[in-house]
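An overview of the molecular structure
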Amino acid sequence: MTAQSRAGSSSEWSPARPATDPGQVHELADGSGPLVTLKRRRSYAWVGLTPFFLYIAAFFILPTGTVLFSAFRKTDADTGVTSFTGSNVSSALQGVYFTGIKNSLTLALITGVVGALVGLVLAWAIVSSTGNVLTRFVSTAAAVLANFGGVPLAFLFIATVGNSGLVTKALADHFHINLNSDLHFDLYGITGLELVYLYFQIPLMVLVITPALEGLKPQWQEAAANLGATRWQYWRHVGAPILAPNVLGAALLLFCSGFSAYATADALTSGAFPLIPLQIHAVISGNVLAGMENLGDALALIMVVIVVPLMVIYQLLQRRTTRWLR
Amino acid sequence: MVALTPTAGAGGLAATQAGGPATSSRRRRRTGIGRGLVLLICGIYFIGPLVGAFWFSIQDKVHGGVQFSAYAHVFSAVGFSDAFMLSLKLGIGTVLISLLLMVPTMLLLHLRAPKFRPVVETLCLMPLVIPPVVLVAGVGVVLAWGPNQLAGTPLQTFLNAIQSGKTPWVLILEYVVLTLPFTYRSLDAGIRSVDIHTLTEAGLNLGAGWGTVTMRILLPSLRTSVLNAAFLSFALVFGEYTVASILQYQPFAVFIVAAGQTEGQLSTSLSLLSLLITWLLLLLISLLGGRNSTKVDI
């Protein structure tokens, strides 16, 4: 129903009222009784929303805000006076913490880009080939790995290519190849983390990009073909420009998910590998010099500063593409 | 000029290719091979570790051959039942509180206060943006206020109560936050798919009060999406590791890691079981969603 037709029918009932504001009660033309509509008059409905806002304020905004606030606070060890300072943030950008940030960024970048490319191709292969049952099978499996993987993923890989893993042993026993020294593969180092992270990054890309691929209407390709376009020209001038913002947005999402991931890395490396989320844990559980208590908050602030702008761009890109792909 | 095919399928597409039947069939075969290759390589990458882990978990390291003791002895493992029960409790608690909080909020939002929708949506999706480790760092700071800045106040008693005791309420309260994006999306999709405005107006016009409308119209028509939200939240809580391990509790996921220090086979088998159970749960949701294709359509 269009806006015009709705306004038209409404003004038949009550020509005196503005058509866009139907009011609370209409008298029917034959006077048979009032017709209740959901009212637009001054509403106190927001009162009903206060539990929600209070909950969010207490259990989400307060803790998060506190972290960002105490990132700039420091208690002087001698005088006991707490004051504003930038020193937490500057120590969080040095030494082992700088290494952590660098490692996290590298890991997120590599698994984000590779995950996005492989995921895109895989999603295309799935969308263009399967029937209903297989699609459901694959999409739920992808959802499990992307959203609920965490700890189990680490153990799948430890059992397969870890120090006493199945493949590691088979290679050593039958081929005399040491995964670590001969093939330079270390599951508990950055290559291992990349391999394991892709195990949830690729499914995440499949989940995010599949609706976009399904939204490419076959009619567009038919129209292009009828106008004499080759398949390459179709993808170059129609498919790719429509998908590009979506793929870019998905890659940003993957970057953030790789950057923020904690469980897999912690389970895999027992918290030993220098990644920023693992370092935050180490700092807030007290493994830190006196006077550096708020270092963890500074590290958290750095994470937020990196992740939030990217996620905002992701949202904007998503909004832009929904215009074409429905 | 070739006519457009009304049915959108691969066959219809190929027939309209300008290049003629010979080229298009060759092209199709080539895409078929490419597709097969992609599926094969990804299949190996994704199924390999699963098969490897399963094989690892049933290996008999002492005598050689195969044995299923890692699965048979899951329930008798030290600490397992405590961790499992804790996760169950956390899951149920989280589901109940988040539904209690969000179902009225979402209904109100759509029926009476639509102008708050952007605000609520943004707030609900924020936990996806803020890394959980940042949230839990903040929770740690706030909890530490109890014995310091807030000493002697009722708030200290409150902060104490949610940390100690049989149920770690602090986890449930934070898990409700972590599951908000899922709850919001499920309920939002459910509410959009039925025309609740018309249904509510119809109910009110037939003389029902708001109570009757809620109980007999709104909630039944949202059954599927409420179930969706519940299952998703439960699955998320069941596998949650970050918050629980940093706050030093030991539910299921933390137990898997702790067991991994000494008993690799046990953690591997538990990991496989946990993935399998989550997957079955999601499959169930997807089936529920598919069956509900006969919606109230006005």
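Residues numbered from 1 in each chain as written. Chains lettered and ligands numbered in written order. Predicted model: local features only at pLDDT ≥ 70, side-chain atom pairs only at ≥ 80, totals over all residues.

For the rest of this paragraph, the subject is the overall build of chain B. Regarding its fold elements, chain B presents 14 helices and zero strands. The helix and strand sequence of chain B, counted from the amino end, reads α-α-α-α-α-α-α-α-α-α-α-α-α-α. Burial status across chain B gives 35% buried among its 298 residues. Across chain B, the fraction of contacts at a sequence separation of at least 24, relative to all contacts at a separation of at least 6, is 72%. (Helix = DSSP H or I, 4+ residues; strand = E, 2+ residues; numbered from the N terminus. Buried ≥ 20, exposed ≤ 12 C-beta atoms within 10 Å, placed from the backbone. Contact = placed C-beta atoms within 7 Å.)

So, about the interface of chain B and chain A. Opposite the 76 residues of chain B that make contact, chain A presents 67 residues. Take the side of chain B that touches chain A: its biggest share by element is 13 residues, from helix α2 (residues 21-58) of chain B. Residues that form the side of chain B that touches chain A fall into these classes: 49 nonpolar, 22 polar and five charged. (Nonpolar A, V, L, I, M, F, W, Y, C, P; charged D, E, K, R; others polar.)

Here the focus is the confidence of the model for chain B. Residue and element names in this part refer to chain B. With 86% of its residues at a pLDDT of at least 70, chain B reaches an overall mean of 81. Counted against residues more than four places away or in other chains, residues 1-22, with its pLDDT under 50, gives 25 contacts. Note that residues 292-298 has pLDDT below 50 and, in this model, eight contacts with residues that lie over four places away or in other chains. Model confidence for the complex: the whole-complex pTM is 0.82, and ipTM, which rates the interface, is 0.82. (pLDDT = per-residue confidence, 0-100.)

Any two packed helices are characterised by how steeply their axes cross, that is the angle between the axes, and by the distance between the axes. Residues and elements named next belong to chain B. Interhelical geometry of helix α4 (residues 80-111) versus helix α11 (residues 223-239) gives an angle of 140° and a closest axis separation of 9 Å. Judged on the interaxial angle alone, α11 and α4 are oblique. Here the hand of the crossing between α4 and α11 comes out right-handed. Contacts from Ser87, Leu90, Gly91, Thr94, Val95, Ser98, Leu99 and Val103 in α4 reach Val226, Ala229, Ala230, Ser233, Phe234, Val237 and Phe238 in α11. Taken together, the residues that form the contact of α4 with α11 break down as 10 nonpolar, five polar and no charged. (Axes fitted to C-alpha atoms, helices over the stretch in contact; angles between N-to-C directions. Parallel < 35°, antiparallel > 145°, perpendicular 65-115°, else oblique. Left-handed = near helix turned anticlockwise from the far one by under 90°.)

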